[in-house]
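# Overview (structure and organization)
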Amino acid sequence: MGKEKNPRRVADNEAMAKLRMLRTSPQKLNLVAQMIRGKKVEKALTDLTFSNKRIAQDVKKCLQSAIANAENNHNLDVDELIVAEAYVGKNLIMKRGRPRARGRFGKIMKPFSELTIKVRQVEEQA
């Protein structure tokens with residue numbers, strides 16, 4: 001008599017994690033997301049650990065969450081996971097300002113962004 005179960009948003013061999021309200025611009029976040037696209041998860045985690053970008057630690061947390069979702073919720077093998085998709089979206093922009101010369105007002109935009117990471121299980125080829 002209850003409601004029907006929602007269909008999965010990802011395939012059976014995939015898992016997903018989302019991170020919202022990241023205090024960085026989408027352009028800067030996309031540089032880090034590009035770094036891990038298509039790589040095996042161990043290699044991607046290593047790259048994020050030793051990256052000099054400040055936002056790389058938050059991306060690493062999101063990737064670890066996607067791996068944990070794959071392992072615990074979808075029973076996927078962690079050793080066979082790759083980063084299938086990593087994409088960035090815009091979020092709100094805090095608008096701040098600063099007084100400038102001759103009575104003007106200099107706009108300061110403080111953007112937020114969001115990150116979605118999908119990991120996919122692929123079988124190793126001999």
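Looking up the protein in an unreviewed UniProt entry gives the name Large ribosomal subunit protein uL22, with the organism given as Ruegeria marina. As its UniProt record puts it under Subunit (unreviewed entry), the protein is described as follows: "Part of the 50S ribosomal subunit." Among the UniProt annotations of the protein, the heading Sequence similarities (unreviewed entry) holds the following wording: "Belongs to the universal ribosomal protein uL22 family."

## What to know about unusual backbone geometry
Notably, Asn 75 is not glycine yet its phi reads approximately 55 degrees, a positive angle. Mapping Asn 75 onto the fold places it in the loop between α3 (56-72) and β2 (81-99). Note on Asn 75: relative accessible area 67%, which makes it exposed. For Arg 102, which is not a glycine, the phi torsion comes out positive at approximately 55 degrees. Along the chain, Arg 102 turns up in the loop between β2 and β3 (105-121).

## A look at the pattern of salt bridges
According to the stated counting rule, one finds 6 salt bridges in the structure shown. Among the salt bridges present, the one from Glu 14 reaches Arg 120, with a minimum N-O distance of 2.6 Å. Of this pair, Glu 14 sits in strand β1 (residues 14-22) while Arg 120 sits in strand β3; the two residues are 106 residues apart in sequence, bridging distant segments of the chain. The shortest N-O distance in the salt bridge between Lys 43 and Asp 47 comes to 3.0 Å. Here Lys 43 pairs with Asp 47, and both are found in helix α2 (residues 41-49), just 4 residues apart, close to one helical turn. The buried category is assigned to Asp 47, whose relative accessible area is 16%. Through salt bridges that share partners, Lys 39, Lys 43 and Asp 47 make up one connected network.

## Here's the deal with the packing of aromatic side chains
Applying the stated criterion to the full structure yields 0 aromatic pairs. If you follow Arg 23 out to its NZ or CZ, it ends over the ring of Phe 112, 5.7 Å from the centre.

## Brief notes about a negative patch on the surface
A cluster of like negative charges, contributed by Glu 42, Glu 71, Asp 77 and Asp 79, occupies part of the molecular surface. Mapped onto the elements of the fold, Asp 77 is located in the loop between α3 and β2.

## Some words on the side chain of Ser 51
Position of Ser 51 among the secondary structure elements: in the loop between α2 and α3. Of the polar contacts made by the side chain of Ser 51, one reaches the backbone nitrogen of Lys 53; its length is 3.3 Å. Dropping the residues within four chain positions of it, Ser 51 is found in contact with Met 35 and Ala 56.

Reading the values: rules and limits
Residues numbered from 1 in each chain as written. Predicted model: local features only at pLDDT ≥ 70, side-chain atom pairs only at ≥ 80, totals over all residues. Heavy atoms only, no water. UniProt positions renumbered as here; feature names shortened; annotations may be inferred. Helix = DSSP H or I, 4+ residues; strand = E, 2+ residues; numbered from the N terminus. Buried < 20%, exposed > 50% of the residue type's maximum accessible area, 1.4 Å probe, protein only. Salt bridge = Lys/Arg side-chain N within 4 Å of Asp/Glu carboxyl O. Phe/Tyr/Trp six-rings, centres within 6.5 Å; stacked < 30°, edge-to-face > 60°. Lys NZ or Arg CZ within 6 Å of the ring centre and 35° of its normal. Patch = residues over 30% accessible without salt bridge, like charges linked within 9 Å, V, L, I, M, F, W, Y side chains within 5 Å. Areas by Shrake-Rupley, 256 points an atom, 1.4 Å probe, with all protein chains shown as cover. Lys, Arg positive; Asp, Glu negative; His and termini not counted. Charge placed at Lys NZ, Arg CZ, Asp CG, Glu CD. Polar contact = N/O pair within 3.5 Å; in protein donor to acceptor, adjacent residues only side chain to side chain. Contact = heavy atoms within 4.5 Å.

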